[in-house]
Amino acid sequence: ADTHGTTVDKVHFHEVGAIDSIVDTVGVCLALHLLNVDAVYCSPLPYGSGTVRTAHGLVPVPAPATLKLLTGIPTRPGPPVEGELCTPTGVALVKAL
C-alpha cells in the first residue's frame, strides 16, 4: 500500500491479478512440488533500466513495486539494454522460495 501511497483497503491488484501472473505463480509452485524440489537457489538478480508502461502510466525500471520486493535480495546491474529484467511476479517468487 505504501508503494502506491495509499491504505491497504484501497489497494487493487490489477497486474498481480492478471492471468499470466496467476499462471506463472501456480505453474512454478506446481512444478517445484511435482519435481520434489527441496531448495531453490538464485544468483543476484539483474534490475534493468529504462521505463515500463503500467496501469499507473510510465514508471522507471525497476518499477516501484518491484523495487520494494527487491529489498533484501542481492541484485546486480543488468546487461547494457533497457527493459524490465525482473518482474514483480518473478521477484515475489524468488523471495518466497
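Provided above is the structure to which this section pertains.
Reading guide: rules and limits
Residues numbered from 1 in each chain as written. Predicted model: local features only at pLDDT ≥ 70, side-chain atom pairs only at ≥ 80, totals over all residues. Heavy atoms only, no water. Helix = DSSP H or I, 4+ residues; strand = E, 2+ residues; numbered from the N terminus. Expected span 1.5 Å × (residues − 1). Pairing = 2+ DSSP bridges. Contact = heavy atoms within 4.5 Å. Patch = residues over 30% accessible without salt bridge, like charges linked within 9 Å, V, L, I, M, F, W, Y side chains within 5 Å. Areas by Shrake-Rupley, 256 points an atom, 1.4 Å probe, with all protein chains shown as cover. Salt bridge = Lys/Arg side-chain N within 4 Å of Asp/Glu carboxyl O. Core = buried A, V, L, I, M, F, W, Y, C linked by side-chain atoms within 4.5 Å. Buried < 20%, exposed > 50% of the residue type's maximum accessible area, 1.4 Å probe, protein only.

Engineer: Could you clarify how one ought to interpret helix α1 (residues 19–34) in this entry?
Structural biologist: Helix length check: α1 (16 residues) gives 22 Å between terminal C-alpha atoms against 22 Å at 1.5 Å per residue, within 8%. Looking one or two residues beyond α1, the residue adopting positive phi is N36, at roughly 55 degrees.

Engineer: It is not clear to me how the pairing of strand β2 (residues 51–54) should be interpreted in this structure. Could you clarify?
Structural biologist: Two faces belong to every sheet, and in a regular strand the side chains alternate between them. As paired elements, β2 and strand β3 (residues 57–60) share 4 bridges and run antiparallel to each other. Paired with R53 across the strands is L58, a residue of β3. Hairpin connection of β2 to β3: 2 residues between the antiparallel strands.

Engineer: Teacher, can you tell me more about the environment of P88 here?
Structural biologist: As for its position among the elements, P88 is in helix α3 (residues 88–96). Those residues in contact with P88 that sit more than four places away from it in its chain are T66 and L69.

Engineer: Explain a nonpolar patch on the surface to me, please; I cannot follow it from the model alone.
Structural biologist: Taken together, the side chains of I19, I22, V23, V26, L30 and L34 make up a nonpolar region of the molecular surface, amounting to roughly 600 Å² of accessible area. Structurally, the position occupied by V26 is in helix α1.

Engineer: For this particular structure, what's the right way to read the nonpolar core?
Structural biologist: Most often, soluble globular proteins have nonpolar side chains that are buried together. Of all hydrophobic cores here, the largest spans 5 residues; its members are L45, L70, I73, C86 and V91. Beyond its immediate sequence surroundings of up to four residues, V91 is in contact with L45, T66, L69, L70, I73 and C86.

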